[in-house]
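# Close look at the chain arrangement
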Amino acid sequence: MVNEVIDINEAVRAYIAQIEGLRAEIGRLDATIATLRQSLATLKSLKTLGEGKTVLVPVGSIAQVEMKVEKMDKVVVSVGQNISAELEYEEALKYIEDEIKKLLTFRLVLEQAIAELYAKIEDLIAEAQQTSEEEKAEEEENEEKAE
Amino acid sequence: MELPPQIQAQLMQLQQLQQQLQMILMQKQSVETELKECKKALEELEKSSSDEVYKLVGGLFVKRKKEDVKKELEEKVETLELRVKTLEKQEEKLQSRLKELQEKIQKMIPTAQ
C-alpha cells in the first residue's frame, strides 16, 4: 500500500513537471505570436498612413527618432537561417499571418497535451483514493474479527 | 535477491546503449529541425522577386546575392540530409544491439534463478 502511494505520488509529480514544461512552451509561443501580431498591426498602420508621412521610430526603450515613410510596397521579412528576403507587401502580410496560424495550431496541440496530463492525474488520484478506501475497509474488517 | 555479476554487467551495458540511443535520437531530431528550417528558408527565398537578400552577420544585415545564398542553403541541406542518414544508420545499429542484448539477458535470467 505504502509503495503504491509512493508510486502514484511520483507519477503525479512527473506529470506536473511535464505540465509546467508545456505551460512554459505556451508562454514562449504567446510571446512570439504577440510580436508577430504587433508586426502585422505596424505594417497595416504604416500602409494606411501612406508614403511621405512622418513617424517616430523607437531607438532602444526610451528614445524615438522622426523618420519619413518612403516605400511600403516591399517588406524585408526574416525567412529563417539568419536570412531575410524582400517580399511584396501583401505577400509579407500573408507570410506573417501563416506563421501566426502555424503557432496557434501548435499551441492547441500543447493545450490538448496538458488536458490529457490532467486527466491522467485525476485517474491516479481516483486510483489512490480507491486503494486507500479498500485498505481502510480491510482494516475495519480485521478489527471486527479481532473483537 | 542480488543479481549475479555477469547479469549486472550486461544490464549496465544495456543502460549505456539506451543512453547512447537517446543521444542519437536527440541529435537526429535537432538536425531534422534545422533541415526543415533550411528547406523552408529556400522555399521562401523563391517567393522573393528581388535578386538580393539580407543575411544577418553579427548584429548587422548584409546584402547578398540571392543565388549565392540559395547555393549556400542547398549545400547546407545536402550536408544535413547526409547527417540525418548517418544518424539513422547509427540508430538502427544501436536498436539491433539493444535487441540482441535484451534477448541475451532474458536467456541468462532463468539460468541464474
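Computed from a predicted model, the values in this text were never measured in an experiment.

This part is about the overall build of chain B. If you tally the helices and strands in chain B, you get two helices and two strands. Listing every helix and strand of chain B by position from the N terminus yields α-β-β-α. Here the C-alpha coordinates of chain B stretch approximately 75 × 25 × 15 Å along the principal axes. Within the span of chain B, comprising 113 residues, buried residues form 27% of the whole. Sequence separation of 24 or more characterises 71% of the internal contacts of chain B that already satisfy a separation of 6 or more. Total accessible area on chain B stands at roughly 8,400 Å², and carbon and sulfur atoms take up 51% of it.

It is worth spelling out the sheet that holds strand β1 (residues 52–57) of chain B at this point. The antiparallel open sheet is built from four strands, whose spatial order is β3(A)-β4(A)-β1(B)-β2(B). In the strand order of this sheet, the two ends are held by β3 (74–80) of chain A together with β2 (60–65) of chain B, each with one partner. Strand-to-strand twist across the sheet, computed as the mean angle between neighbouring axes with direction ignored, equals 35°. Taken together, the three bridges between strand β4 (residues 83–88) of chain A and β1 of chain B define a ladder with antiparallel strand orientation. Opposite I83 of chain A, over in β1 of chain B, you have K55 of chain B as the bridge partner. The strands touched by helix α2 (residues 89–146) of chain A within the sheet are β3 and β4 of chain A, with β4 of chain A carrying the most contacts at an inclination of about 125°.

Residue and element names in this part refer to chain A. Positive phi values are uncommon outside glycine, yet Q81 reaches one of about 55°. With respect to the element layout, Q81 can be found in the loop between β3 and β4. You will see that N82, though not glycine, has its phi angle at about 65°, which is positive. The residue N82 is located in the loop between β3 and β4 in this model.

This next bit is on the interface of chain A and chain B. Taken residue by residue, the interface counts 16 residues in chain A and 19 residues in chain B. Of the roughly 1,400 Å² buried where chain A meets chain B, counting both sides, 53% is carbon and sulfur surface. Contact with chain B buries surface across chain A, with Q81, I83 and E86 of chain A losing the most and accounting together for 41% of the total. E99 of chain A is the partner of K40 of chain B in a salt bridge, and the nearest nitrogen-oxygen pair spans 2.8 Å. Those elements that provide at least two residues to the side of chain A that touches chain B are β3, β4 and α2 of chain A. It is β4 of chain A that provides the largest number of residues to the side of chain A that touches chain B, a total of six residues. For the side of chain A that touches chain B, the class distribution of residues is six nonpolar, four polar and six charged.

Glancing now at the environment of Y54 of chain B. Mapping Y54 of chain B onto the fold places it in strand β1. Sequence-wise, Y54 of chain B and K65 of chain B are 11 residues apart; in three dimensions their C-alpha atoms are separated by 8.5 Å.

A few words on the nonpolar core. Among the nonpolar cores identified, the biggest contains 54 residues, and L43, V79 and I83 of chain A together with L45 and L73 of chain B are the most heavily contacted of them. For this core, the elements supplying multiple residues, two or more each, are α1 (2–49), β3, β4 and α2 of chain A together with α1 (5–47) and α2 (66–112) of chain B. Looking at this core element by element, the count peaks at 12 residues for α2 of chain A. Excluding its chain neighbours within four sequence positions, the residues that come into contact with L43 of chain A are M72, V75, Y89, L93 and I96 of chain A.

Residues and elements named next belong to chain B. Position of E32 among the secondary structure elements: in helix α1. Residue classification places E32 among the partly exposed residues on the basis of a relative accessible area of 33%. Along the sequence, E32 and K76 sit 44 residues apart, while their C-alpha atoms lie 12 Å from each other.

Let us now look at the pattern of salt bridges. Residues and elements named next belong to chain A. A full pass over the atoms with the stated rule returns 18 salt bridges over all chains. A salt bridge links R107 to E111; the shortest N-O distance between them is 2.4 Å. Of the two residues, R107 and E111 are both situated in helix α2; the distance of four residues between them amounts to about one turn of the helix. Look at E111 and you get partly exposed, because its relative accessible area is 34%. When salt bridges that share partners are traced, they join D30, R107 and E111 into one network.

Calculation notes
- Residues numbered from 1 in each chain as written.
- Chains lettered and ligands numbered in written order.
- Predicted model: local features only at pLDDT ≥ 70, side-chain atom pairs only at ≥ 80, totals over all residues.
- Heavy atoms only, no water.
- Helix = DSSP H or I, 4+ residues; strand = E, 2+ residues; numbered from the N terminus.
- Buried < 20%, exposed > 50% of the residue type's maximum accessible area, 1.4 Å probe, protein only.
- Contact = heavy atoms within 4.5 Å.
- Areas by Shrake-Rupley, 256 points an atom, 1.4 Å probe, with all protein chains shown as cover.
- Pairing = 2+ DSSP bridges.
- Axes fitted to C-alpha atoms, helices over the stretch in contact; angles between N-to-C directions.
- Buried area = accessible area lost by both parts, 1.4 Å probe.
- Salt bridge = Lys/Arg side-chain N within 4 Å of Asp/Glu carboxyl O.
- Nonpolar A, V, L, I, M, F, W, Y, C, P; charged D, E, K, R; others polar.
- Core = buried A, V, L, I, M, F, W, Y, C linked by side-chain atoms within 4.5 Å.

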